[in-house]
Amino acid sequence: MPKPATLRRKDGVSVFTAHGAARYTSEQILTAETDLVQAATIPGVITATAPERAAATLTDFERQAGQQLDAGQRKLVESFATDTRQTVAGIGPAGTGKTTAMRALAHVLNADGRRLVPLASSGTAAAVLAAELGLPSENVHKFVHKHTKGTSATDLYQGQPVPAEVEQFRLRPGDVVLVDEAGMTGTPNLDRLRQITDNHGTALRLLGDHYQFSAVESGGALRLLASETPTVVLDEVHRFNDPTEAAASLQLREGDNAAVDFYANAGRLHAGDNDDLRERVYQAWLADTQGGRDSLTIAGTNQEVTALSERAREDLVAAGKVAADGVTLHDGNQAGTGDLIVTRTPRRDLACQGGQFVKNGDTWTVETRHGDDALAVRHAEHGGRLVLPAAYVAESVELAYAVTGHRSQGRTVDTTHSLIDPELCGREGAYVPVTRGKEANHLYFAVEVPEDQPLTPDQEQSEAQAAFVRVLDRDDAERSATETLRDKLARAGTIADLADKLAYTEELRAAHRRDPDPAEHAVLNSAPWITVAPVGDDPTPDRLAGYTSALADAIGERARTLAEQAITERPHWMDYPGEEPTDPTAKEMWHERVALICAATDHVDAEQHNPWGWTPKTPEERRILDIASAAAHQAHDITTGRRTPDQIPYPEVEARQQQPIQPQRDELAYGGFDPTLLETPNYQTIQGPAGPRLI
């Protein structure tokens, strides 16, 4: 339907199209995702290990290792070794024993005359992987470069002999290329690996967890493969000392708010002012470290990491364990003899005697500060020594007493203490840090605390739990281009989509009634789906009334269409309302109930949820239910002539129309509109079979 000029910006784009909402992606990314899914779908492409042989060899591995694999680990190894699909994905939540499964896979392949080629997302991760598996490992970028742009790329492609230093990159039929933490590898490189391995008759196996941090470049491929192709998921968590914590970690991973109970009851949740919390995080880490525990302090931003590291160095200098004078580092901190530092840029020309070069994420202890500000250092893991030039120190070295959540991924320690900003952190930002520690994992949520009014213990727990719920409700995991495009197309024209537009238009009209000056309409700035006020004709109620009516009619038409389709096709949930009554009044109520449930579950997979008892778990699901239910209910009333579009009772609109104007807050905030009202659901669930209702 045509939109009035009022609802368009200067460039002619609809105000309902949010700035930055369009996800621009290339045809190459969509093609890469399609090819990966196809490679993970078609069987009979590669020659694999016989299932009987794999099972017998796994038993032999268990005997030699002196440990028994759980059912999921065994199934994962068998899938990776015996599946004839060219590409296979496996999902391993934090602490489920992925490393043990990879070692078992290497044993099975070796017994069958096949080779495992492990790859990781970074040089540091590759070094850790090599140590864990006892096999040469490389990072994905270098492996792809050797095969596509390296001096021996043509020989590698043709399977010809190559120099000794390149031999480990040469692939043969039967080899298995395994990408660990595959979610942190971008889609383009995963597809390049698919092409490289496919050319050599080699299997590609992807192992990771799409609920943890993803790639910096275009990602989401692992999530797509997990949802659309046969995938093994490890489901037994072995990392934690407390089995209850293992179960809670899986709840957290899925965004289940029931996880909050475990962490609250275990005394793991804390809240307070950011500066106060930073000191508490540091003191807790210090106590654990002095007690002999391997502990991590984790923060969400580089700025907080820098501040925590600076605080740690202050105490070390005061205790005489670190030299007070130091070299200025990239993060602005000082580092002297005795300090723990981290290198942030790989340098293959800087290597220890054993050949280990400087990698991003390597930690070192400063042994000597040279006169030119170069640092003689010793590696924290393998013990290799080298000298970092002064220029490199100034540009690529930081203190290493704290880490970001991204840098903590893949680590296993005794305890963690994580500083969380609930307004910026999503579920992944809490899940990764809180699954690093075997013994205990603490979360410290930064909240606003009135001056001179410290939180009581009960208030702190209440604030911490509320902040934790907000974090769990926010899913920041990257979606593939395919899923994003699919969701966008699926939502267009749904009741949820139309209700968004109608609610906004009604708010615009209400704003004009309060203040005829369109330049002062706070709704233009507070509505969550736009960021710039539209321009054009003044948004008078009369000019928008026709558009409002057209939207209401469109909602009613879709609700009627969905209801008629449900009555005709009788999906499983139609057993709840039963057969259509013959009594006219009962019949009308029955049709209304069917229309309501259809509207409420529009853009929700009714096959995955029981629509009569569906309880939404995320803010988006709650918002869809809240607005769509009200919209569909009103659409039915409009159809029966009981209400006009001017009276549409959207919860958001009604709440604001009934909210008294607060002049002082208007000037400081959003001009009369409290944006928190947008986040306050007006229901709890759909109750049936009597029919959906807002509570």
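Everything that follows concerns the structure shown earlier in this document.
What comes next concerns the included structure. (Residues numbered from 1 in each chain as written. Predicted model: local features only at pLDDT ≥ 70, side-chain atom pairs only at ≥ 80, totals over all residues. Heavy atoms only, no water.)

### Looking at the overall build of the protein chain
When you go through the protein chain residue by residue, the secondary structure sums to 25 helices and 20 strands. When each of the 695 residues of the protein chain is scored for burial, the buried share is 49%. Across the protein chain, the fraction of contacts at a sequence separation of at least 24, relative to all contacts at a separation of at least 6, is 72%. Counting every atom, the protein chain has about 31600 Å² of accessible surface; 49% of that belongs to carbon and sulfur. (Helix = DSSP H or I, 4+ residues; strand = E, 2+ residues; numbered from the N terminus. Buried < 20%, exposed > 50% of the residue type's maximum accessible area, 1.4 Å probe, protein only. Contact = heavy atoms within 4.5 Å. Areas by Shrake-Rupley, 256 points an atom, 1.4 Å probe, with all protein chains shown as cover.)

### Remarks on the packing of aromatic side chains
Applying the stated criterion across every chain, the model contains five aromatic pairs. Between Phe143 and Phe169, the aromatic rings sit 5.9 Å apart at their centres with planes inclined by 45°, giving tilted as the arrangement. On the criterion of sequence distance, the pair formed by Phe143 in helix 6 (residues 140-148) and Phe169 in the loop between helix 7 (153-158) and strand 4 (176-180) is long-range, its members being 26 residues apart. Note on Phe169: relative accessible area 2%, which makes it buried. One aromatic cluster is present, formed by Phe262, Tyr263, Phe445 and Phe468 through successive ring pairs. Between the NZ or CZ atom of Lys359 and the centre of the ring of Phe357, over which it lies, the distance is 4.8 Å. (Phe/Tyr/Trp six-rings, centres within 6.5 Å; stacked < 30°, edge-to-face > 60°. Lys NZ or Arg CZ within 6 Å of the ring centre and 35° of its normal.)

### Describing the packing of helix 9 (residues 221-228) against helix 18 (residues 481-491)
In helix packing, the relevant descriptors are the interaxial angle and the interaxial distance, both defined with respect to the helix axes. Where helix 9 meets helix 18, the axes come as close as 8 Å, and the angle between the chain directions of the two elements is 70°. In terms of axis orientation, helix 9 runs roughly perpendicular to helix 18. The residues of helix 18 that touch helix 9, namely those facing Arg223, Leu224, Ser227 and Glu228, are Thr482, Glu483 and Arg486. Of the residues belonging to the contact of helix 9 with helix 18, the class tally is one nonpolar, two polar and four charged. (Axes fitted to C-alpha atoms, helices over the stretch in contact; angles between N-to-C directions. Parallel < 35°, antiparallel > 145°, perpendicular 65-115°, else oblique. Nonpolar A, V, L, I, M, F, W, Y, C, P; charged D, E, K, R; others polar.)

### Examining the sheet that holds strand 15 (residues 375-379)
Two orientations exist for strands paired in a sheet by backbone hydrogen bonds: parallel and antiparallel. If you trace the five strands from one edge of the open sheet to the other, you get 16-15-14-11-17, paired in antiparallel fashion. Edge positions in the sheet fall to strand 16 (385-388) and strand 17 (397-399), since each of these pairs with one other strand and no more. Within this sheet the neighbouring strands show an average axis-to-axis angle of 45°, counted without direction. As paired elements, strand 11 (residues 340-343) and strand 14 (residues 363-369) share three bridges and run antiparallel to each other. If you follow Ile341 over to strand 14, its bridge partner there is Trp364. (Pairing = 2+ DSSP bridges.)

### As for the sheet that holds strand 18 (residues 403-404)
Strands sit in the order 7-20-19-8-18 across an open sheet of five strands; the sheet is parallel. Two strands bound the open sheet, and with one partner strand each, they are strand 7 (269-272) and strand 18. Pairing between strand 19 (residues 413-420) and strand 20 (residues 437-446): seven bridges, direction parallel. What sits directly across from His417, in strand 20, is His442. The strands touched by helix 12 (residues 274-290) are strand 7, strand 8 (295-299), strand 19 and strand 20; relative to strand 19, the strand with the most contacts, the crossing angle is about 175°.

### A few points about the pairing of strand 12 (residues 347-351)
Bridge count for strand 12 against strand 13 (residues 357-358) is two bridges, and the pairing is antiparallel. The residue bridging Ala351 from the neighbouring strand is Phe357, located in strand 13.

### Some remarks on unusual backbone geometry
The residue Glu181 is not glycine, and still its phi comes out positive at about 50°. Residue Glu181 is classed as buried on the basis of its relative accessible area, which comes to 15%.

### Points about the environment of His370
Of note, His370 is situated in the loop between strand 14 and strand 15. Along the chain, His370 and Ala390 lie 20 residues apart, while their C-alpha atoms are 9.0 Å from each other. Discounting residues that sit within four places of it in the chain, His370 has contacts with Ala376 and Val387.

### Overview of the nonpolar core
Counting 33 residues, the largest nonpolar core has Ile341, Val377 and Leu388 as the members making the most contacts within it. Elements with a minimum of two residues in this core: helix 12, helix 13 (302-318), strand 14, strand 15, strand 16, helix 14 (390-396), strand 17 and strand 20. For this core, the leading source of residues is helix 12, giving six residues. (Core = buried A, V, L, I, M, F, W, Y, C linked by side-chain atoms within 4.5 Å.)

### Focus: the packing of helix 2 (residues 51-65) against helix 3 (residues 71-82)
At a minimum axis distance of 10 Å, the contact between helix 2 and helix 3 shows a crossing angle of 135°. Relative to helix 3, the element helix 2 is oriented oblique. Crossing of helix 2 against helix 3: the hand is right-handed. Here Pro51, Ala54, Ala55, Leu58, Thr59 and Glu62 of helix 2 come into contact with helix 3, specifically with Arg74, Val77, Glu78 and Thr82. Each residue belonging to the contact of helix 2 with helix 3 can be placed in one class, and the counts come to five nonpolar, two polar and three charged. (Left-handed = near helix turned anticlockwise from the far one by under 90°.)

### Looking at the side chain of Glu398
In this fold, Glu398 is placed in strand 17. According to the relative accessible area criterion, Glu398 is buried, its value standing at 12%. Looking at Glu398, its side chain comes within polar contact range of the side chain of His330, at 3.3 Å. Those residues in contact with Glu398, other than ones at most four positions away along the chain, are Leu329, His330, Asp331, Leu340, Ile341, Val342, Arg344 and Arg407. (Polar contact = N/O pair within 3.5 Å; in protein donor to acceptor, adjacent residues only side chain to side chain.)

### Side note on the pattern of salt bridges
Counted by the stated rule, this structure contains 39 salt bridges. Of the charged contacts in the structure, one is a salt bridge between Lys359 and Asp362, with a shortest N-O distance of 3.7 Å. What makes Lys359 buried here is its relative accessible area of 7%. For Asp362, a relative accessible area of 4% corresponds to the buried category. With a closest N to O distance of 2.9 Å, Arg385 and Glu367 form a salt bridge. In this pair, Arg385 sits in strand 16 while Glu367 sits in strand 14, placing the two residues 18 residues apart along the sequence. (Salt bridge = Lys/Arg side-chain N within 4 Å of Asp/Glu carboxyl O.)

Without other data, these values stay purely geometric and don't point to any function.
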